[in-house]
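Chain by chain, the residues run as shown.
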Amino acid sequence: MRAIEGVRPAWLRRRIDVRRIMIHDFPLKAVAVVIAVVFWVAITQNAAPRLVTVAFDGRIPVERPDNVPAGYVLRGQLADVGVTLRGPSGIADRVALSDLRATLDVKTLTLGQAEPQDARVNVTVARDGVEVVDVSPATVSVRLERVTSRSIPVQPRFANSPPSGARAGDAAVSPTEVKVTGPESDVARIVSVLATVRFGDAQTDIETSSPAIPVDAAGQPIDGLQVDPGVVVVKVPVLPIATTRTVPVVFTLRGVVAPGYWVVGVAMDPFAVTVRGDETVLTTLDRVETLPIDVGDLRATKTLTVGLSLPTGVTLLRPTDVSVTVTVQPLAGTRVFSSAVLVLGLSPNQTAELDLSNVAVLVAGPVPTLANVPPEQVIATVDAGGRGPGSYTLDVTVRVPAGVSVQTVQPTRVTLTIRSR
């Protein structure tokens, strides 16, 4: 049958029902869409993120630790460190300074060791999935110093001269001594504790409160010390006599201490004296020196009484000798030993051979002690116990006498070859 020209076929004339197409089997279609979305989310969540390694753009200040053992103080410049981070892209490279914290591991430090020690720097990051892979520098040089105390008399120091036509009488300080606490090396430097008094223009007695300041041999304040009490009361009578003056006492040392020792401090009592003489002489007198104090071949702290070297025409208002304490301590040094490596723990039916028979051991300690250490008391060993024939790379263990410590061993490991007899 031939189609009539100009007439559309029946199947083209049928109307397309879009609404029926959309809602036909709608629950089944909705479930299929939900399943597809769930699969897409699961695949997206399980995809492994790309990890990147980045250097943090900045420096992290190292915090001063709050877990320093009681009775010790941590000394040294902590500065700051740089870090390298590893983690997911978009997280590791967006870490902020507030996410990072650098602290010192003080648990590995040796208590009571005067020499500097290397403390490891630990850096933590408060971002999930991000880790620290490098810290630069990895360690900080610090000293873990013992805290000690001393009771020291307080001496008055006059910041200026009494008014014209007057002199200062004997000063009274209350309390007469204070307790100074701080790092052992700083406390050892204390020569005196001074309370400074300033005279006014009027010839009136002075009663004033003054800070008690620990000073060194040069008269400079020593910071970082705790003084108890920190303030004392000083009373100075101002007398109408113009032929006296209070001047500081300066020590004079003669000779050289024993080899390996050094003078760490000189303490004097009194720190100042009142002298009498012609006014023209006293106006040019700014100090009084002690007679020479002989420290030749001195190996320990020594206290002695010395006189004063006074200029011609000048006398002491009251006869006074000066008590001088010279504090001497051994110098710290190092010494290198070449020690033969001993093999321990071999069975009777075994022989051993080392690729290196000697190691270089750097030992630190007081110079006099180091000088008296016999080489045979620096013992280097490796442990072959329980090992059968073969070659092994083993750590070298070094024992040294009491009073000194091992700093480095070169090399730290040797190759041991064990054979049967």
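Residues numbered from 1 in each chain as written. Predicted model: local features only at pLDDT ≥ 70, side-chain atom pairs only at ≥ 80, totals over all residues. Heavy atoms only, no water.

Chemist: Describe in detail the pattern of salt bridges, supporting the description with residues and values.
Modeler: Considering all chains together, one arrives at 15 salt bridges under this definition. Notably, a salt bridge pairs R101 with E63, separated by 2.9 Å at the nearest N-O pair. Residue R101 is found in strand β5 (residues 100–104), and its partner E63 is found in the loop between β2 (60–61) and β3 (72–75); the two are separated by 38 residues along the sequence. With a closest N to O distance of 2.9 Å, R143 and E145 form a salt bridge. Salt bridges here are not isolated pairs; linked through shared partners, they connect R75, R143, E145, D186, R189 and D216. (Salt bridge = Lys/Arg side-chain N within 4 Å of Asp/Glu carboxyl O. Helix = DSSP H or I, 4+ residues; strand = E, 2+ residues; numbered from the N terminus.)

Chemist: For the nonpolar core, give the residues involved together with the corresponding values.
Modeler: In this structure, M268, V273, V275, L308, V322, V324 and V326 are the most contacted members of the largest nonpolar core, which totals 27 residues. Elements with a minimum of two residues in this core: β17 (244–250), β19 (261–269), β20 (272–277), β25 (314–316) and β26 (322–330). For this core, the leading source of residues is β26, giving four residues. Not counting residues within four places of it along the chain, the set of residues in contact with V326 comprises L253, V263, G265, V266, I293, V295, L298, A300, T301 and K302. Listed in part, the 26 residues of the second largest apolar core include V95, L100, V125 and V142. (Core = buried A, V, L, I, M, F, W, Y, C linked by side-chain atoms within 4.5 Å. Buried < 20%, exposed > 50% of the residue type's maximum accessible area, 1.4 Å probe, protein only. Contact = heavy atoms within 4.5 Å.)

Chemist: Any details on the sheet that holds strand β24 (residues 308–309)? Residues and values, ideally.
Modeler: Sheets are built from strands paired through backbone hydrogen bonds, the pairs being either parallel or antiparallel. Pairing is mixed in the open sheet, where five strands are placed in the order β24-β21-β17-β20-β25. The open sheet has two edge strands, β24 and β25, and neither has a second partner. Sheet topology places β17 next to strand β21 (residues 288–290); two bridges connect them, and they run parallel. Residue pairing across strands places V250 opposite E289, the latter belonging to β21. (Pairing = 2+ DSSP bridges.)

Chemist: Mind laying out the sheet that holds strand β33 (residues 405–410), listing which residues take part and the relevant values?
Modeler: A sheet is described by the order of its strands in space; here five strands give the open sequence β32-β30-β27-β29-β33, paired in mixed fashion. Each edge of the open sheet carries a strand with a single partner, namely β32 (397–399) and β33. The sheet shows a mean angle of 35° between the axes of neighbouring strands, direction not considered. When strand β30 (residues 379–383) meets β32, the two strands line up antiparallel, connected through three bridges. When the bridges of β32 are listed, I379 appears paired with R399. (Axes fitted to C-alpha atoms, helices over the stretch in contact; angles between N-to-C directions.)

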